[in-house]
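A look at the structure
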Amino acid sequence: MNGDACNGSSPTLSNRRSINGKHNGKEKTEQNGKITEMKKKSSSDLGGYNGWLGNAYFMKWKAEDVFGVVKYHPIPCVFAASLLFFMGVEYTLRMVPSTSPPFDLGFIVTIPLNRLLAAKPALNTLFAGLNTVFVAMQTAYILGTFLIEGRPRATISALFMFTFRGLLGYATQLPLPEDFLGSGVDFPVGNVSFFLFYSGHVAASVIASLDMKRMQRWELARAFDTLNVLQVVRLLSTRGHYTIDLAVGIGAGILFDSMAGKYVETRTKDIAANGTNGTTYGAFHATSPKHENGGVKYQSVSSN
């Protein structure tokens, strides 16, 4: 009996330890639960801000995620840096006085060409005539895609583009640059007044070029892109457009080409869903959006 007492614990003592252990564990669990509940309550008292912030996307970022942005997305990172840079420029740059002509970096770069064309009116007229020929080429191609090939996207895009150009050009009329070098053979022909913002010359060139690339007419597209660059240089040199007119003209060509593509695709689906033919909806019916928006082949507008 004494040996049992010395060699091991009594059953009563073991039971007490077990009961005390369970009791202490239960108390600890309850105490931890109370602490957690208090934290939640504290967070709730703050309007749930910590809980909301804890679910925020950036809270899940790791170091490799941050460095991965720079590694795999360098262009957006450059744009983010440029945003900060130009925010500083915007707040520190002194505005151009109302009595001074607008500041245009493109005009400054092309000062030598402007002086050359001003000194040689015949050369200016030659370049103006060549530019007008290029405008005629744009027009012929854009109309030809619809009238000859039966693909209305480029034509609809041009209609969208010139309509919005008219609205914006009338809404904000920019002053004609002081050094403008006009020509009787330039387009608009006759040296008449025109809207500056944005450049229809450039936008129409982009629309035609995009259609050529879509139809895999690569050589013709490269030729149009090259002529468009030369057109931009001439328009800056003659002060026929501000730099911003030309830059927005490029964006307008891309934008309205995309809008026209969505319009053609949507209308084609509607026509197919209604079970009608192209004649019912008029000549602007594209029977095959695949051919119009991404393929090489095309079908006649009269086919069903």
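Residues numbered from 1 in each chain as written. Predicted model: local features only at pLDDT ≥ 70, side-chain atom pairs only at ≥ 80, totals over all residues. Heavy atoms only, no water.

The feature "transmembrane region" (unreviewed entry), as given by UniProt, occupies residues 69–89, 126–147, 154–172 and 192–210 in the numbering adopted here. Helix makes up 95% of residues 69–89 and strand 0%. Its end C-alpha atoms lie 26 Å apart. Secondary structure across residues 126–147 comprises 100% helix and 0% strand; the distance between its end C-alpha atoms is 31 Å. (UniProt positions renumbered as here; feature names shortened; annotations may be inferred. Helix = DSSP H or I, 4+ residues; strand = E, 2+ residues; numbered from the N terminus.)

Taking 1.5 Å per residue as the helical rise, helix α10 (residues 200–214) with its 15 residues ought to reach 21 Å, and the 21 Å between its terminal C-alpha atoms agrees with that figure. Among the 15 residues of α10, 13 are classified as buried, and the element is accordingly described as predominantly covered. N-cap assignment for α10: the residue whose side-chain oxygen lies 3.5 Å from the backbone N of histidine 201 is serine 199. Residue glutamine 216 follows α10 closely and has a positive phi angle near 60 degrees. (Expected span 1.5 Å × (residues − 1). Buried < 20%, exposed > 50% of the residue type's maximum accessible area, 1.4 Å probe, protein only. Polar contact = N/O pair within 3.5 Å; in protein donor to acceptor, adjacent residues only side chain to side chain.)

Our next topic: a nonpolar patch on the surface. Together, Val96, Phe103, Leu105, Ile108, Val109 and Ile111 line one region of the surface with nonpolar side chains, adding up to about 570 Å² of accessible area. It is helix α6 (residues 105–109) that provides the largest number of residues to the nonpolar patch, a total of three residues. Examined against the element boundaries, phenylalanine 103 turns out to sit in the loop between α5 (74–92) and α6. The class of phenylalanine 103 is exposed, set by a relative accessible area of 59%. (Patch = residues over 30% accessible without salt bridge, like charges linked within 9 Å, V, L, I, M, F, W, Y side chains within 5 Å. Areas by Shrake-Rupley, 256 points an atom, 1.4 Å probe, with all protein chains shown as cover. Salt bridge = Lys/Arg side-chain N within 4 Å of Asp/Glu carboxyl O.)

This next bit is on the packing of helix α8 (residues 121–147) against α10. Following both chains from N to C, one finds α8 and α10 inclined at 45 degrees, their axes separated by 10 Å at the closest point. What the angle tells us is that α8 and α10 run oblique. As α8 runs across α10, the sense of the crossing is left-handed. From α8, Asn131, Phe134, Val135, Gln138, Tyr141, Ile142 and Thr145 reach across to α10, where they touch His201, Ala204, Ser205, Ile207, Ala208, Asp211 and Met212. Looking at the contact of α8 with α10 residue by residue, the class counts come to eight nonpolar, five polar and one charged. (Axes fitted to C-alpha atoms, helices over the stretch in contact; angles between N-to-C directions. Parallel < 35°, antiparallel > 145°, perpendicular 65-115°, else oblique. Left-handed = near helix turned anticlockwise from the far one by under 90°. Contact = heavy atoms within 4.5 Å. Nonpolar A, V, L, I, M, F, W, Y, C, P; charged D, E, K, R; others polar.)

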